[in-house]
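# Structural overview for review
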Amino acid sequence: MISAFSHLSADLQTIATADLYRSRRVIDSPQGIHLQLEGRSVVNFCSNDYLGLANHPEVISAFKAGVDQYGVGSGSAHLICGHSRAHHALEEELAAFTGRDRALLFSTGYMANLGVMSALLGRGDSVFEDRLNHASLLDGGLMSGARFKRYAHADVEQLKPHLDQATGNKLIVTDGVFSMDGDFAPLKSLAALAKSTGAGLMVDDAHGLGVLGQNGGGLLDCFDLTQDDVPILMGTLGKGFGTFGAFIAGSEDLIETLIQKARTYIYTTALPAAVAEATRASLKRVIADNWRREHLNHLASRFRSGAEQLGLECVKQVEEPLGSDVRLLSAIQPIVIGDSARTVKISEHLLKAGFLVSAIRPPTVPKGSARLRVTLSALHEEQHVDQLLEALDNAVNAVTL
Ligand SMILES: *Cc1c(COP(=O)(O)O)cnc(C)c1O
């Protein structure tokens, strides 16, 4: 008898043989620059809690107060009876924060991306995506049923002719800050191209919002781009904001369309109201605490120059001028190693030395470009960065193939 899925064990073996096997680490502490892992403390260089808000006392007390007021579960989807005053207030605050007509909360960023693209695109339409876009954007484009075209990373020239030939509604979709590279999309050129070809533009600024720009306005703020230039903005709340969830911000018509048509909005339980209350508190810190962004940028620059001195390969940064003299860097500063097995071994070596840095391998990144995805936090100090650089130097020299 042949049983269903009897190939799983062999498939798992294939993944392991290619050094692509993934497993989880069990953490016993809150998020922060020190994590409790298997009975010891390690310095954390892989979290997306860039601003150090996931365990902030004001965010925690807002969450607790939210639970006292609303209980834990939201009870249903937003359109039934799960849309609380807390959700509503957060949406209004996010709209003001992003300088847009409206914002709509989704339970996760993954669902926001699937929901928007499926609501706006269908067969006969065309979607254009940067090759290095986040998986949720690629999946959203594929699921929408539109004609799907990937363009070379940040290559506006290559994208141009495809747009001219396209039919139906056209949508260009890009990460703002790329999640595995930490570099920036050429948003000014993309916005100009979208305008001149009558295409829509959607930017997923999961790693830029809160982290970059005046008062945390994100990459669009750095580039001075408005709702008119970038009609669809997606942001996540589980990264720089330190809580959970995501939102889409844009015009009145866009948001109303999503409420009518986005299946990942309609057919899922609203996130807990207390999470919305916690996020309202973290949004206040995001806006007020410019020191977090300034410190992050300083650490990123210190890490990059240190890594370059050690002969390590950093990811190239944006070439498009940002309109200021400050050299802006994201909180994501990966070191490209190349080989998957070697990357994993270096990461294990670092862990032994007390540093948690994740090894990112294909298919999350292109073949042959496995990397250590170093992320910085506003709570790191210079000495943490210097210690990591020393440990990296030791690990890279110790681990040969
Ligand atoms: C993390 C991430 C998402 C998904 O957001 P979740 O809220 O974690 O589901 C989407 N896009 C990008 C670029 C991301 O980095």
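Keep in mind that what you see is a predicted model, and the values were worked out from it rather than measured.

Reading the values: rules and limits
- Residues numbered from 1 in each chain as written.
- Predicted model: local features only at pLDDT ≥ 70, side-chain atom pairs only at ≥ 80, totals over all residues.
- Heavy atoms only, no water.
- Core = buried A, V, L, I, M, F, W, Y, C linked by side-chain atoms within 4.5 Å.
- Buried < 20%, exposed > 50% of the residue type's maximum accessible area, 1.4 Å probe, protein only.
- Helix = DSSP H or I, 4+ residues; strand = E, 2+ residues; numbered from the N terminus.
- Domains from an automatic or database assignment.
- Contact = heavy atoms within 4.5 Å.
- Polar contact = N/O pair within 3.5 Å; in protein donor to acceptor, adjacent residues only side chain to side chain.
- Buried area = accessible area lost by both parts, 1.4 Å probe.
- Salt bridge = Lys/Arg side-chain N within 4 Å of Asp/Glu carboxyl O.
- Pairing = 2+ DSSP bridges.

Right, let's get into the nonpolar core. Of all hydrophobic cores here, the largest spans 78 residues; its most connected members are Ile335 and Leu350. Considering every element that reaches this core, the biggest residue donor is helix α15 (residues 382–398), with seven residues. Here this core spans two domains, and each of domain 1 (22–51 + 290–398) and domain 2 (57–287) adds at least three residues to it. Not counting chain neighbours up to four residues away, the residues in contact with Ile335 comprise Phe303, Ala307, Leu312, Glu313, Cys314, Arg371, Leu372, Val374 and Leu392. Formed by 24 residues, the second largest nonpolar core is a distinct cluster that contains Leu104, Ala146, Ile232 and Met234.

Position of Arg371 among the secondary structure elements: in strand β13 (residues 370–373). A polar contact of 3.0 Å, which involves the side chain of Arg371, links it to the side chain of Ser369.

Attention now goes to the domain arrangement of the protein chain. When the domains of the protein chain are assigned, the result is domain 1 (22–51 + 290–398) and domain 2 (57–287). Counting from both sides, the interface comprises 27 residues of domain 1 and, opposite them, 29 residues of domain 2. When domain 1 packs against domain 2, the two sides together hide about 2200 Å² of surface, and 58% of this comes from carbon and sulfur. Between Arg371 and Asp181 there is a salt bridge, with the nearest N and O atoms lying 3.1 Å from each other. Here domain 1 and domain 2 share eight residue pairs in polar contact (both at pLDDT 80 or more) between them.

With that settled, the discussion passes to the sheet that holds strand β2 (residues 40–44). Within the open sheet, the three strands sit side by side as β1-β2-β11. Their pairing is mixed. Looking at which strands have only one partner, the edges of the open sheet turn out to be β1 (34–37) and β11 (355–356). Across four bridges, the pairing between β1 and β2 is antiparallel. In the strand pairing of β2, Leu37 is matched with Arg40.

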